[in-house]
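One-letter residues, chain by chain:
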Amino acid sequence: VEGNNFTPNIAAYLNFYPYSGRNATIGGTFGVGVPISSDSKNFNFLMGASTIFGSNNRLVLNFGATLGQVNALDQGYEVGDKLQDALVDVPTRNAYQWGGFIGISFSLVDLTQ
């Protein structure tokens, strides 16, 4: 059965960027997210680029690649294969798969003061 290709996450990001004093800066991001759906409760690892807006209270747009666990067919089965018996459970295993993400984050406190 096909699953949902889009799952919202609650994530924490670590953004790194060169300080330039400008109101818009491009940098990198790394994060860990937890899906808020009933399909999956495993951690997702998020890595990519970020665009930082503002100089004191920053707003950040994050985007890039994500690595998370999915259920994959096991024992050599592929999509469309027939099982030998209708009462046998479909053999699956947890596997990591790459995907993409886009996110918005903001600073909770100003650490410079």
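Residues numbered from 1 in each chain as written. Predicted model: local features only at pLDDT ≥ 70, side-chain atom pairs only at ≥ 80, totals over all residues. Heavy atoms only, no water.

J.: Before we move on, could you go through the sheet that holds strand β3 (residues 44–53) and cite the residues and values that matter?
T.: Taken in spatial order, the five strands make up an open sheet running β1-β2-β3-β4-β5, and their pairing is antiparallel. Only two strands of the sheet have a single partner each, and these edge strands are β1 (9–16) and β5 (92–106). With strand direction ignored, the average angle separating the axes of adjacent strands in the sheet is 25°. With eight bridges connecting them, β1 and strand β2 (residues 24–35) associate as antiparallel partners. Along β2, the bridge assignment pairs Ala12 with Val32. (Pairing = 2+ DSSP bridges. Helix = DSSP H or I, 4+ residues; strand = E, 2+ residues; numbered from the N terminus. Axes fitted to C-alpha atoms, helices over the stretch in contact; angles between N-to-C directions.)

J.: Tell me what's going on with the packing of aromatic side chains, and back it up with residues and numbers.
T.: Applying the stated criterion to the full structure yields one aromatic pair. Between Tyr13 and Phe101, the aromatic rings sit 6.2 Å apart at their centres with planes inclined by 20°, giving stacked as the arrangement. With Tyr13 in strand β1 and Phe101 in strand β5, this residue pair connects regions lying 88 residues apart in the sequence. Given the relative accessible area of 22%, Tyr13 is considered partly exposed. Given the relative accessible area of 14%, Phe101 is considered buried. (Phe/Tyr/Trp six-rings, centres within 6.5 Å; stacked < 30°, edge-to-face > 60°. Buried < 20%, exposed > 50% of the residue type's maximum accessible area, 1.4 Å probe, protein only.)

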